[in-house]
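# Fold and geometry: a report
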Amino acid sequence: MIPSRGAVLAALALVVAALCVYPVFGTGYGIRATLQVFMWIALAGSWNLISGLTGYVSFGHVSFFGIGAYTGAILVTSAGWSWPVAALGGGLAAGALALLIGYPCLRLKGPYFAIAMLGLNEVLRALVSYFEGLTGGGSGLSLPTLDASTHIYYVMGALAAAVTAVTYLIITSRFGLRLMTIREDEIAAEAMGIDTFRHKLAAFLLSALGPGIAGALTARDQGYIEPISVFPLTITVTMIVMVLFGGKGTVWGPVLGAVALFVIQEIVWARYPYVHPLLFGAIIVVVVLAMPRGVLGLLQLRYRLPRAI
Amino acid sequence: MNVVVTPAMVGQVILSGILSGALYALVALGLSLIFGVMRVINIAHGPLLMLGAYVTYFLYSQVGINPFLTVPVSMAALFVVGLLLQRALVFRVVGAPELSSLLLTFGISIALVNLVQLAFTSNLRTVEYLTGSWIIGGLALSKPRFIAFLFSAAVTALAFAFLKFTRLGKAIRATSQSREVALVCGINVARIHLLTFGLSSALAAGGGALLAVIVAIQPEMGSVWTFKSFLVIVLGGAGNYPGALLGGLLLGLVEQLASLFLTTQLSEVVAYVLLVLVLLVRPTGLLGGRSA
C-alpha cells in the first residue's frame, strides 16, 4: 500500500514543524545530536549526488568538508567575518576545489577516480599542516568562543533540507535522468548526445557545496579544528555507508541512512568506546555484503515504488 | 629556499630515492597483483604491512631472532592471514563494483588497526639492530636501509621469477589477463584468487618486516603505505607488474627530490600532482595498465 501524496506531505510538514520547535524545549545533548544528524544528512545526500546518481565513486568527499571547515574558520578568525557569511565562503571554496579537481579527475574511470579522490584528501591534509601561518598547522585553529548552537541548528537543518530538496528536484528532472544514464552506461549516454563531461562536472560541483557549508558550520559549532579532525577517511566512509544503508540513488535513502546509522553509532560508541573502530568495521562489512541496494532500494524493487522516493 | 644544492646532495637524494623506491616497489607489487587479478582495491594493504612489521618486532624482541631473518617468517604468517581474509570476506566482492571492495577492505583495515591497538597499545616500538652508515665516496649509505634495499630487491626478484616461470605464476598472470579464458583453460580461478591475496599480503608483510628495522612501528603506520602503494601502481599502470617497479623507483626519487628542493612535508603533495599529471596524459599509467 502506497500512502497518498497528501498524506506524505502532511507527515513531512509535521516532522519539519516538530524539528523547528524542538530547540525550545530540547536538552543540550538532544539539540547537539540532532544538529549532527542534520550534518550527516547533508553530507550523505551530497555524496549521493555524484556517486549514487552519477556513478562516480568519490572516496575523498571529506576533502570538501575539510576545505569548507578551514575556509570558514579562517574567514572568521583572520578576516573577522560573521559565521553565516563565512559558511557560504566555505561552500564556495569547496565548489572551486570541485571544479579544479573535477576538471582533470572526472575523465578518469571507475577505480582510478576513487583513488584520485582518496589521494586528494591526503594531499589537502598535508597542505593544511604545511601552511602553518594561515591554518595553525598540526596544532589546529581555535575560533573565538560564541554560543550559537541554536542558530547553527537551524542553519544546518535548512542545509539538510536543501540538499534533500535539490536531490528530489534532480531525480525528477531530465538533468537527473541524464546523470543516471551516465551511471548506467557512459558510452551510450555520450552516443545519445549527452555532454557527459559537463554533466559530471555539474553533479560534482553540486555535491561539493553541501559538505563545504557543513564543514564551515561544524568548525564554528565546535570552535576548534585540526587537520586530523576534518580530513579523516572515516567521515567519507561514514557518509558512504549511510547512503548504502538507506539506498543509493534515492531521495530519502541518505536521510534514512544518516538517522539510522547515527542512532546505532551513538548507542554502540557510548557503550563500547575502545572497540568502536572494530564495530564500525563490522557494520561496514555487513552493509556492503548483506544490503548493497539499501533499505529503500529493496522496497523499490519489491513494491515498484516511484523513482522519486 | 636559499640553500645551495651541491652535486653531492643530489647524489645523496638519488641514492636515498633508489633505496626507498625498492621498498615501495615491493609493497606496491602486492597491491598491483590483487588489482590485476581480482579488480579489488585493497585499502587493508597498509595494515597488512603493519602486521608484518609487528611479527618481526616480536620475533626480534621476544625470541631474539635476527630481524632480517624474520622476513620469511613474517611473510609466511601474513600469507596465511591473507588466505583467511580472502576465504572469509574478500571473495564476496570480487566482480562487484569498486565501491564494495573499497568499503569492505576499509572495514577490514580499521578493524585490524583497532585489534592491534587493543592487543599491543599504540606505543612506538623500534627494532634497534643495525645503526650507522657507511661513507662511500662522500655519500652516506645507511646500513639498515641498504640491507633492507638488498632484501626488498631479492624478494621482488623472487616474486617476479615466480610469476614468470612457475605454473602457478603463469596461472596468476593468465587470470589477470582474462578471467574467462583462464576458466576455459582449466584454471581454478577461485583458488588463484586465494593464492593471489595470500601472496599480496606476504609481499606487504615483507615490506613491513624490512620497515621495522628502519623506522619505529605503531598500529597506524599502515595507512600512508596504502596511499603510497596506490600512487606507485597508478603511476606504473595498475595491474602491470613491471610497472610497479618503475612506479616505485619514480615515487622514491620524486619524494627525495621534493624533500631536497621543497620540504619533506610536501613530498606527498608533489607525488600526487605527478599522479594527476600522469593520469591526464596516460590514463592507464606510464607502462599502460588495464582500464576499469
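As shown above, the structure is provided for reference.
Quick look at the structure, then. Please read these numbers as outputs of a predicted model, since none were measured by experiment. (Residues numbered from 1 in each chain as written. Chains lettered and ligands numbered in written order. Predicted model: local features only at pLDDT ≥ 70, side-chain atom pairs only at ≥ 80, totals over all residues.)

## Quick word on the overall build of chain B
So the rule is basically this: Only DSSP runs of H or I with at least four residues qualify as helices, and only runs of E with at least two residues qualify as strands; both kinds are numbered from the N terminus onward. All radius of gyration figures rest on C-alpha atoms, and the globule criterion is 2.2 Å times the number of residues raised to 0.38. As a rule, residues whose C-beta atom has 12 or fewer other C-beta atoms within 10 Å are exposed, those with 20 or more are buried, and those in between are partly exposed; C-beta atoms are placed from the backbone.
A tally of helices and strands in chain B yields 11 helices and 2 strands. Secondary structure elements of chain B occur, N-terminal to C-terminal, as α-α-α-α-β-β-α-α-α-α-α-α-α. Taken against the 2.2 N^0.38 rule, which gives 19 Å for 292 residues, the C-alpha radius of gyration of chain B at 19 Å falls within 12% of a compact globule. Based on the C-alpha atoms only, the size of chain B along its principal axes is roughly 60 × 50 × 35 Å. Within chain B, buried positions represent 53% of all 292 residues.

## Comments concerning the overall build of chain A
In terms of regular secondary structure, chain A is built from 15 helices and 2 strands. In terms of overall dimensions, chain A is globule-like: its C-alpha atoms have a radius of gyration of 19 Å, near the 19 Å expected for 309 residues. By principal-axis analysis of the C-alpha atoms, chain A measures approximately 50 × 50 × 40 Å. The buried share among the 309 residues of chain A stands at 49%.

## With respect to the nonpolar core
In summary, soluble globular proteins display a tendency toward joint burial of nonpolar side chains. For the record, the criterion: To count as a nonpolar core, a set of buried Ala, Val, Leu, Ile, Met, Phe, Trp, Tyr and Cys residues must be joined through C-beta atoms within 7 Å. The contact rule is simple: place each C-beta atom from the backbone, and if two of them lie within 7 Å, those residues are in contact.
By size, the foremost hydrophobic cluster in this structure holds 190 residues, and its most contacted members are Met156 of chain A together with Ala205 of chain B. Not counting the four nearest positions on each side in its chain, Met156 of chain A is found in contact with Leu35, Phe38, Met39, Ala214 and Leu217 of chain A.

## Examining helix H5 (residues 143-165) of chain B
What counts here: Any helix carries an expected span of 1.5 Å times its number of residues minus one.
The first and last C-alpha atoms of H5 of chain B sit 33 Å apart over 23 residues, in line with the 33 Å expected at 1.5 Å per residue. Of all the positions in H5 of chain B, only Pro144, Arg145, Ala148, Phe149, Phe151, Ser152, Val155, Thr156 and Ala159 of chain B are classed as buried.

## Overview of helix H12 (residues 233-246) of chain A
Look at H12 of chain A: 20 Å from first C-alpha to last across 14 residues, which is about the 20 Å you get at 1.5 Å a residue. Of the residues one or two after H12 of chain A, Gly247 of chain A is the one with positive phi, at around 130°.

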